[in-house]
Amino acid sequence: MTIAFEISDDAAMPFYLRLANAIERAIVDGLLKPGDKLPPQRDIAFDLKVTVGTIGRAYQIARERGLTTGEVGRGTYVRAIETASASTPVMGGDFPLARGLGTAAPVEPVIALDSTASPDVDQAEEIARTIAEVIRDCPRQIIDYVREVPQTWLEAGTAWLETGGWRPDPANVVPTLGVDAAIQAVVTVTTHPGDRIAFEELCYSTVARGATTIGRLPLAVAMDEEGMLPDDLDRCAARQHPRAIFLTPAANNPTAARMSLKRREEIVSVARRHNLTIIEDNVYGRLMPDAIPPIAALAPERTFFLEGLSKTVAAGLRAGWVVCPRGQAIRTTVAHNMLSGGRPFLNMEAAARLVLSGAAETVKRRVVAEIAARGMLFNRIVAAPTTDVAAAMPFRWVQLPAPWTSPAFLLAARNHNIRIHGEDEYRPVRGERQRHCVRIGLSVVRDRETLAAALTTLKGLIDSGSISYESVA
């Protein structure tokens, strides 16, 4: 099957946009009718001598304009369009106007594959219902400062953070305004300006940048497929004397490396030998297919254990908890309140009710199922993950083939209105080793069809090499 309509030869316009415009014009003129199936992307790419990614981007734009519909495996079909007509005005010859925007030119939305917040699984209804109940039951508390922490908030944190046979003591639990605020509070409590903090050489570097703003100095420790290397941590601790370690042993962001129980025990041994505080971020822990005892269970005297709802229920709730070593809860609470301004009653009460009612766990199961479905799309279009941990994550860490570099691929993706993260985003300090990898998020895009189109574009870029993008001199 070949294209039965003309494509503009306007060299000033990207080819994928000219093709999308041609598809729209063919539908407006009746050359393509509702129910017609468009040619497979690989066939059309061969006929036109362009990359599959270029065709995927054109098809994606057609879907975004409401012209077509379809799904991976079935194909792309023309929809019945009421708003398109032969009188649709155009600008610049073949450049169509965005519907509903008068004389404005179309604005192409950026597809955000750079976030790992929980996907939309219709949890808003449950959250709205819970918030309405809080407003009804606690009208005075929601308009005032939080002066006392209800016991239910501690019980909710205890229940949500239980993992691997370990259950924290409610007396050591501190409710927080999300996990990021909790981490900065812990950094403030456990270190002083000028102190060093050890990070894995690839990690959630926002923590390192945040620590830098308050005068702490990050240093990078080598890692392998299980995360931080105990021997290199021992070497760094002996030479540079950090005060704390930041770890994500349940699953590293961005590599999805997961620490075995043996590795966790080795890290604890080094931490005790050098008297290091351990900051254990378990934000991806509840997505894992099984639970290993956390470092907090192995070394409760020196470990701050953190988790929240952002990856499994709703990032917008900004609700989290930190389990502190005995005697550190009050100091952590004060530091958290001074840095963040305190905890909104509405957020934390709603979060506690969602957890204690079981609703949060129900949402989490739907989130896990949705991430799995999106992961299957990635497996089919791009590549299958190499571990069960990687398969459970709301992102994929992709090794780019030569001659791609991470910055060049980011630019190529951005030229196709797709936003992803390169490896430099995850460096706590500047390093010499280049992996030529990117992280592609799967969870935030609203629907699987848009995700599939974006992944098809990225796969086309990966396969076709760096000739697929043009930099600006």
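You'll find the structure just up there.
Residues numbered from 1 in each chain as written. Predicted model: local features only at pLDDT ≥ 70, side-chain atom pairs only at ≥ 80, totals over all residues. Heavy atoms only, no water.

Enquirer: Can you lay out the sheet that holds strand β17 (residues 421–422) for me, pointing to particular residues and giving the numbers?
Expert: Strands sit in the order β15-β18-β17 across an open sheet of three strands; the sheet is antiparallel. Looking along the sheet, the strands with just one partner apiece sit at the ends: β15 (395–399) and β17. When β17 meets strand β18 (residues 437–441), the two strands line up antiparallel, connected through two bridges. Bridge pairing links G422 to V438 in β18. (Pairing = 2+ DSSP bridges. Helix = DSSP H or I, 4+ residues; strand = E, 2+ residues; numbered from the N terminus.)

Enquirer: Now, about the packing of helix α15 (residues 406–415) against helix α16 (residues 448–464): what can you tell me, with residues and values included?
Expert: For the pair α15 and α16, the least separation of the axes is 10 Å and the interaxial angle reads 135°. By the angle between their axes, α15 is oblique relative to α16. When the axes of α15 and α16 are compared, the crossing they make is right-handed. Two secondary-structure elements touch here, α15 through F409, A412 and A413 and α16 through L458, L461 and I462. Its residues placed into classes, the contact of α15 with α16 shows six nonpolar, no polar and no charged. (Axes fitted to C-alpha atoms, helices over the stretch in contact; angles between N-to-C directions. Parallel < 35°, antiparallel > 145°, perpendicular 65-115°, else oblique. Left-handed = near helix turned anticlockwise from the far one by under 90°. Contact = heavy atoms within 4.5 Å. Nonpolar A, V, L, I, M, F, W, Y, C, P; charged D, E, K, R; others polar.)

Enquirer: Tell me about the pattern of salt bridges, and name the residues and values.
Expert: With the rule as written, the count across this model stands at 28 salt bridges. Between E266 and R263 there is a salt bridge, and its shortest N-O distance comes to 3.7 Å. Taken together, the residues E266 and R263, both in helix α9 (residues 261–273) and three residues apart, mark about one turn of the helix. In this structure, E370 engages R448 in a salt bridge whose closest nitrogen and oxygen atoms are separated by 2.8 Å. Taken together, the residues span a long stretch of sequence, with E370 in helix α13 (residues 359–381) and R448 in helix α16 at a distance of 78 residues. (Salt bridge = Lys/Arg side-chain N within 4 Å of Asp/Glu carboxyl O.)

Enquirer: Give a detailed account of the nonpolar core, specifying residues and quantitative values.
Expert: The nonpolar side chains of soluble globular proteins are, as a tendency, buried together. Counting residues in each nonpolar core, the largest one holds 43 residues, and the members touching the most others are W160, L309, V313 and W321. The set of elements that each furnish at least two residues to this core consists of α4 (123–137), α5 (151–161), β14 (320–323), α12 (345–357), α13 and α14 (388–392). In terms of residue count, the dominant contributor to this core is α12 (seven residues). Those residues within four positions of L309 in sequence are excluded, and the remaining contacts are W160, A314, A315, L317, A319, W321, A351 and V355. Ranked by size, the runner-up nonpolar core spans 26 residues in total, among them V398, I418, I420 and V445. (Core = buried A, V, L, I, M, F, W, Y, C linked by side-chain atoms within 4.5 Å. Buried < 20%, exposed > 50% of the residue type's maximum accessible area, 1.4 Å probe, protein only.)

Enquirer: Give a detailed account of the pairing of β14, specifying residues and quantitative values.
Expert: A two-sided burial pattern is seen for β14, the buried positions comprising G320 and V322 on one face and W321 and V323 on the other. Sheet analysis places strand β6 (residues 173–176) next to β14, joined by four bridges and oriented antiparallel. What sits directly across from P175, in β14, is W321. Sheet topology note: the strand β13 (residues 303–308)/β14 ladder contains four bridges and is antiparallel. The partner of E307 across the bridge, within β14, is W321.

Enquirer: So what's going on with the layout of surface pockets? Residues and values would help.
Expert: Of the volumes computed, that of the largest pocket is approximately 700 Å³. Lining the largest pocket are 28 residues; nearest its centre among them are T255, A256, T386, A390 and W397. At the level of elements, β9 (223–224), α14 and β15 are the ones that each hand at least two residues to the lining of the largest pocket. The dominant element in the lining of the largest pocket, judged by the number of residues it contributes, is β15, at five residues. Grouping the amino acids of the lining of the largest pocket by side-chain chemistry returns 17 nonpolar, five polar and six charged. (1 Å grid on protein atoms, 1.4 Å probe; cavity = no way out; pocket = protein on both sides within 12 Å on 5 of 7 lines; lining within 4 Å. Points joined across faces, edges and corners; volume = space filled by probe spheres on them.)

Enquirer: Tell me about the packing of α5 against α12, residues and numbers included.
Expert: As a packed pair, α5 and α12 sit with axes 9 Å apart at the nearest point and diverge in direction by 50°. When the interaxial angle is binned, α5 and α12 end up oblique. Considering the relative orientation of α5 and α12, their crossing is left-handed. The segment α5 lies against α12, with T152, W153, E155, A156, A159 and W160 engaging F345, M348, E349, A352, V355 and L356. Its residues assigned to classes, the contact of α5 with α12 comprises nine nonpolar, one polar and two charged.

Enquirer: Before we move on, could you go through a nonpolar patch on the surface and cite the residues and values that matter?
Expert: On the surface, a cluster of nonpolar side chains totalling about 360 Å² of accessible area is made up of I330, V334 and M338. Looking at the secondary structure, you find V334 in helix α11 (residues 329–340). For V334, a relative accessible area of 43% translates into the label partly exposed. (Patch = residues over 30% accessible without salt bridge, like charges linked within 9 Å, V, L, I, M, F, W, Y side chains within 5 Å. Areas by Shrake-Rupley, 256 points an atom, 1.4 Å probe, with all protein chains shown as cover.)

Enquirer: Mind laying out helix α8 (residues 230–240), listing which residues take part and the relevant values?
Expert: Because each turn of an α-helix spans 3.6 residues, side chains separated by three or four positions end up pointing in the same direction. When α8 is considered as a whole, its buried residues turn out to be P230, D232, L233, C236 and A237. Viewed end-on, α8 has its buried residues packed into an arc of 160°, placing them on one side of the element. Pointing more than 90 degrees away from the buried face of α8 are the exposed residues D231 and R239. Where α8 ends, the next residue or the one after it, H241, has phi of about 55°, a positive value. (Arc of directions from axis to C-beta.)

Everything listed here is a matter of geometry and, on its own, says nothing about what the molecule does.
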